[in-house]
Amino acid sequence: MNKSIIFCGVGGDGIITASNICAVALMRANFDVKKSEVHGMSQRGGSVNAFLVYGKKVYSFLPAKGSLNYMFASEKLEALRNVDYLNPDSKLLVNDRIVPIVGANIDEAQIEESLKSYSLDLKLINFNDLAKQHNMQKAINTIMLGYFSKIIEIDKKYFIRAISDNLSPKLIDINIEAFEIGFNLQ
Amino acid sequence: MRKIISGNEAIAIGAYRANASFASGYPGTPSSEILEYTKTFEDIKVQWASNEKSAFEQALGSSIAGRRSFVTMKHVGLNVAADSLMSSSYTGVNAGFVVVVADDPGMHSSQNEQDTRLFAKFAQVPILEPSDAKEAMGFMQYAFSLSEEYDTPVILRSTTRVSHTQELVYFDMHKLGGMEDKLLAKNISKYVLVPKNALLRHKKLLERNTKLQKLTNEIPLNKMEQGSLNVGIITSGVSYLYAKELLPEANFLKIGLSWPFPIDLAKEFAKNFEKVIVIEELEPYIEEQLKIADIKNVEGKKFFPQDGEFNLDIVEEGLAKASVLEKRHKKYFEVPKNLPLRPPVLCPGCPHRPIFDILHSLRVYVTGDIGCYTLGAAAPLSSIHTTVCMGASISMGYGIAKASQNHKIVSVIGDSTFLHTGIQPLIDAYVNNVAYTVIILDNSITAMTGGQPDAVSGFNIKNEPAPKVDLENLVRSIGIKRVFKVDQYDYKKTKEIIEQEVNTKELSVIIATRPCVLAPIKIKEMPYFVIVDKCIDCKRCLRIGCPAIGYKENKAYIIEDLCTGCGLCAEVCPTLAIVKGESNE
């Protein structure tokens, strides 16, 4: 049975890079992998998402609504926006923060309550604060990926390789370090 | 090699393996990355052109010179190159010539969702429709040999979901053998389309169609897949993948070469089933071909929408309507209603923002164009009143200025768009004495599509230094007298000049010169902050629509890591509550 992941967040967040690293890790773990994302205007601070489907043999790039196993969300409101792809068995990792929207009032408490109201396996962690503690503001998503690798139960060695494959040489060490911080987070 | 690659990367690799040696194009989502990948191959001469027509003809010329060549664009780009396409179908080619066109069903980043297959039929050139990255690579290679064998341009049609999807592909980087360059073709009766020659070429084209008609019924790109279910599905592109995922046991006729349409093959396929279902995105192209051929047991758009992008849910619903699939009772959540939309916005520090703030405050009528600056139409700036297609800002501004003498009309256009199709209407405006104001938003890059260089950037696709066009000289050379250069970050001066020009009854061009904050280098200066005690909750700074400005407890605040330090908010703040530096809080 194929499994699928949604990566979602705000344009410019690095959602595409995070999904790329995860795709390569899954390839290294010997899965067939297909990934689909939306480019263009949404990169200018709009909502962004990427879908990743993996398994023995994958046809469709896109999963059906209600069929996703996992969510990796870099922002709470964007997590909520995509709950229709989830089902009661889905597992979620959400960065506990809100990115403001021009011209809109966001009721943060309401968003959080709403997100928690689904009977989901939800991990809500403020990775921005965590990154700041370690002075790693540029590797927030990699810290998240470290934690996420445990949720999707994929050996971290594949992720370490994928980080080396995907990032420019000067960024590799710091991102591996960031991955470990996430991985070791309880 | 085992690698995860995108459809666009696959197209570039396919071209490389087919020994292509020249590529040109104009950036446009979702096609832009094809040339970005192509530039990594030393053996291919690659460049951006000012528009798709120019790019098309450069590649056609290179084909006539004997080199395998291709051109890339998005669907609406083919409208610009349509003139060249229609006639190149008559001239034919010399070395292989492929026109790569990426459609955008669902309009992720486009002004319409037209279907390029109809263009192929119109121009009578073969069109290939890959379903995924692996096929895109193979189809691209095949397109070159098809082009040579049948002496025709060949269109390779991608869609957003093929171009931007990544998948695991096994491949090698060996070039295929037996593709030596040809000699420069000198053949006046073939390449000079005066009526006498063109009439003969039209006959050649019709002969070619007959041969292609035979090919399309036999070619493995159009293939039947037998299944155990008594259901027949005819489909192409990504629709095939969705159908295959949902009904793997159905019988498929998968169309890879969709013009000329394999009508005999379809007849043979259709006769086995009581009902045949056509699944295709956008236009009912396949369905119409079948119905014209009087194949009666076919239905398509009766079950599937003619607009938007398909996905598993839409295809599943259509198959359920067609009674060949029982809709699963899936459990999924409803997204809460009234969730605020997060539309794309101009970046923090974007130099377009001050211009739109000024235009908004002057209450002028603004004709806009295609690019990041189209976002000036979004609230709270809300200061663009038309956007139709590339170059249309200046020509439509012209028309509006002619028709409504008493209104103040301003056209805004980016540097890349101005060079694409903006110069011509500006010349028309000059020679016809039309009085309005044209603002060229010269950020020196094609920003919307990811920062590709253009003719004013001073560097080329390979990041090498390149000659650059001087926009001021270009505009002055038309004969226009009122030409001004402004720096948008100098808000007061910029406002003064725009105000002066919209109140002058003469044609004027204002060139706004601030570069893009993202490309080629990311600009980040010391951020600003709000002195809370001075903030009087007037919300003036919120009206500039900057994503770095937030609002909490009746006060504005600035998100430090988003702020690029452009200072526009400080310029518009009436109480001088916004200052540069780090907040003490």
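Residues numbered from 1 in each chain as written. Chains lettered and ligands numbered in written order. Predicted model: local features only at pLDDT ≥ 70, side-chain atom pairs only at ≥ 80, totals over all residues. Heavy atoms only, no water.

**Let's talk about the overall build of chain A**
Along the backbone of chain A there are seven helices and six strands. Each helix (α) and strand (β) of chain A, taken in turn from the N terminus, gives the series β-α-β-β-β-α-β-α-β-α-α-α-α. In terms of overall dimensions, chain A is globule-like: its C-alpha atoms have a radius of gyration of 16 Å, near the 16 Å expected for 186 residues. Here the C-alpha coordinates of chain A stretch approximately 40 × 40 × 35 Å along the principal axes. Here chain A holds 186 residues, and 59% of them are scored as buried. Long-range contacts, defined as pairs at least 24 residues apart, comprise 64% of the intrachain contacts of chain A with a sequence gap of at least 6. For chain A, the accessible surface area stands at approximately 7,400 Å², while carbon and sulfur atoms represent 47% of it. Across chain A, the centroid of the 21 positively charged side chains sits 7 Å from that of the 20 negatively charged ones. (Helix = DSSP H or I, 4+ residues; strand = E, 2+ residues; numbered from the N terminus. Rg over C-alpha atoms; globule rule 2.2 N^0.38 Å. Buried < 20%, exposed > 50% of the residue type's maximum accessible area, 1.4 Å probe, protein only. Contact = heavy atoms within 4.5 Å. Areas by Shrake-Rupley, 256 points an atom, 1.4 Å probe, with all protein chains shown as cover. Lys, Arg positive; Asp, Glu negative; His and termini not counted. Charge placed at Lys NZ, Arg CZ, Asp CG, Glu CD.)

**Thoughts on a nonpolar patch on the surface**
Residues and elements named next belong to chain B. On the surface, Ile188, Val192 and Val194 cluster together to form a nonpolar patch covering roughly 250 Å² of accessible area. Along the chain, the position of Val192 falls in the loop between helix H9 (188-191) and helix H10 (195-218). Val192 sits in the partly exposed class, given a relative accessible area of 35%. (Patch = residues over 30% accessible without salt bridge, like charges linked within 9 Å, V, L, I, M, F, W, Y side chains within 5 Å. Salt bridge = Lys/Arg side-chain N within 4 Å of Asp/Glu carboxyl O.)

**Quick word on the pattern of salt bridges**
Residue and element names in this part refer to chain B. One pass over the full model with this rule turns up 45 salt bridges over all chains. As a salt-bridge pair, Arg17 and Asp172 come within 3.2 Å of each other at their nearest N and O atoms. In this pair, Arg17 sits in helix H1 (residues 7-17) while Asp172 sits in the loop between strand S8 (166-170) and H9, placing the two residues 155 residues apart along the sequence. Of the charged contacts, one joins Glu501 and Arg482 as a salt bridge, the two residues approaching to 2.7 Å between their closest N and O atoms. Within this pair, whereas Glu501 is found in helix H19 (residues 491-502), its partner Arg482 is found in strand S18 (residues 482-486), the two being separated by 19 residues in sequence. We classify Glu501 as buried; its relative accessible area is 0%. Connected through salt bridges with shared partners, the residues Asp103, Asp115, Arg117, Glu129, Arg157 and Glu280 form a single ionic network.

**Describing the pairing of strand S3 (residues 45-48) of chain B**
Note on strand geometry: in a regular strand, side chains alternate between the two faces of the sheet. Residue and element names in this part refer to chain B. The side-chain alternation of S3 yields one buried face, formed by Val46 and Trp48, and one unburied face, formed by Lys45 and Gln47. Note: strand S2 (residues 22-25) against S3, four bridges, orientation parallel. The residue bridging Ser24 from the neighbouring strand is Gln47, located in S3. Between S2 and its parallel partner S3, the chain crosses via helix H2 (residues 33-38), and the hand of that crossover is right-handed. (Pairing = 2+ DSSP bridges. Right-handed = clockwise from strand over helix to strand, strands pointing away.)

**A look at the nonpolar core**
Formed by 87 residues in total, the largest nonpolar core has its most connected members in B:Phe70, B:Leu128, B:Met140, B:Ile277, B:Ile279 and B:Leu319. Top element by residues in this core is helix H7 (residues 133-150) of chain B. It accounts for nine residues. (Core = buried A, V, L, I, M, F, W, Y, C linked by side-chain atoms within 4.5 Å.)

**Some words on helix H6 (residues 116-123) of chain B**
Residues and elements named next belong to chain B. Within H6, burial applies to Thr116, Arg117, Phe119, Ala120 and Ala123. Seen from one end, H6 has its buried residues packed into an arc of 155 degrees, which puts them on one side. Looking one or two places after H6, you find Gln124, whose phi comes out positive at around 60 degrees. (Arc of directions from axis to C-beta.)

**Things to note about the packing of helix H1 (residues 15-28) of chain A against helix H6 (residues 156-166) of chain A**
If you want to describe how two helices pack, look at the angle between their axes and the distance between the axes. Residues and elements named next belong to chain A. Here H1 crosses H6 at 125 degrees, and the two axes come no closer than 8 Å. Relative to H6, the element H1 is oriented oblique. The element H1 and its partner H6 pack so that their crossing is right-handed. In this structure, H1 contributes Asn20, Ile21, Cys22, Val24, Ala25 and Arg28 to the contact, and H6 contributes Tyr158, Phe159, Arg161, Ala162, Ile163, Asp165 and Asn166. (Axes fitted to C-alpha atoms, helices over the stretch in contact; angles between N-to-C directions. Parallel < 35°, antiparallel > 145°, perpendicular 65-115°, else oblique. Left-handed = near helix turned anticlockwise from the far one by under 90°.)

**Concerning the sheet that holds strand S1 (residues 2-6) of chain B**
With respect to topology, eight strands assemble into an open sheet ordered S6(A)-S5(A)-S4(A)-S1(A)-S3(A)-S2(A)-S8(B)-S1(B), the strand pairing being mixed. Two strands lie at the open edges of the sheet, namely strand S6 (121-125) of chain A together with S1 of chain B, each paired on one side alone. Between one strand axis and the next, the sheet turns through 20 degrees on average, direction left out of account. Of the pairings in the sheet, the one linking strand S2 (residues 32-37) of chain A to strand S3 (residues 47-55) of chain A comprises six bridges and is antiparallel in character. Looking across to S3(A), one finds that A:Val33 is bridged to A:Tyr54. Docked against the sheet, helix H3 (residues 108-117) of chain A engages strand S5 (91-95) and S6 of chain A, running at close to 150 degrees with respect to S6(A). Docked against the sheet, H7(B) engages S1 and S8 of chain B, running at close to 60 degrees with respect to S8(B).

**Focus on the sheet that holds strand S12 (residues 257-259) of chain B**
Residue and element names in this part refer to chain B. Read across the sheet, seven strands follow the order S3-S2-S4-S5-S7-S6-S12 without closing on themselves; strand pairing throughout is mixed. Single-partner strands in this sheet number two, and they are S3 and S12. Bridge count for strand S6 (residues 127-128) against S12 is two bridges, and the pairing is antiparallel. Residue Leu128 lies in a different strand from S12, and its bridge partner there is Leu257.

**Here we look at the environment of A:Val83**
Within the secondary structure, A:Val83 sits in the loop between helix H2 (76-81) and S5. As for A:Val83 and A:Leu52, which are separated by 31 residues in sequence, their C-alpha atoms are 16 Å apart.

**Focus on the side chain of B:Ser84**
All names here are of chain B. Position of Ser84 relative to the elements: it lies in helix H5 (residues 82-91). On the basis of relative accessible area, Ser84 is assigned to the buried category, the value being 8%. Beyond its immediate sequence surroundings of up to four residues, Ser84 is in contact with Lys53, Phe56 and Glu57.

**Section: the interface of chain A and chain B**
Every contact between the two is made by 52 residues of chain A and, on the other side, 53 residues of chain B. Overall, the association of chain A and chain B removes approximately 4,600 Å² of surface from exposure, summing both partners, and the carbon and sulfur fraction of that is 64%. At the junction of chain A with chain B, the criterion picks out four salt bridges. Residues A:Glu75 and B:Arg342 are paired through a salt bridge, measuring 2.8 Å at the closest nitrogen-oxygen approach. Applying the counting criterion to the chain A and chain B interface returns 15 residue pairs in polar contact (both at pLDDT 80 or more). (Buried area = accessible area lost by both parts, 1.4 Å probe. Polar contact = N/O pair within 3.5 Å; in protein donor to acceptor, adjacent residues only side chain to side chain.)

**Here's the deal with the packing of aromatic side chains**
Using the criterion set out here, one finds 17 aromatic pairs over all chains in the structure. Between A:Phe179 and A:Phe183, the ring centres sit 6.3 Å apart and the planes meet at 15 degrees, which makes this aromatic pair stacked. Separated by four residues within a single helix, A:Phe179 and A:Phe183 lie in helix H7 (residues 169-183), roughly one turn from each other. Overall, A:Phe179 belongs to the buried group, its relative accessible area being 0%. Relative to B:Phe122, the ring of B:Phe119 lies with its centre 6.5 Å away and its plane at 20 degrees, an arrangement referred to as stacked. Note that B:Phe119 and B:Phe122 are positioned in helix H6 at a spacing of three residues, about one turn of the helix. Assessed through its relative accessible area of 15%, B:Phe119 is described here as buried. One aromatic cluster is present, built from ring pairs that chain together A:Phe7, A:Tyr70, A:Phe72 and A:Phe148. It is A:Lys150 that lies over the ring of A:Phe183; its NZ or CZ is 5.5 Å from the centre. (Phe/Tyr/Trp six-rings, centres within 6.5 Å; stacked < 30°, edge-to-face > 60°. Lys NZ or Arg CZ within 6 Å of the ring centre and 35° of its normal.)

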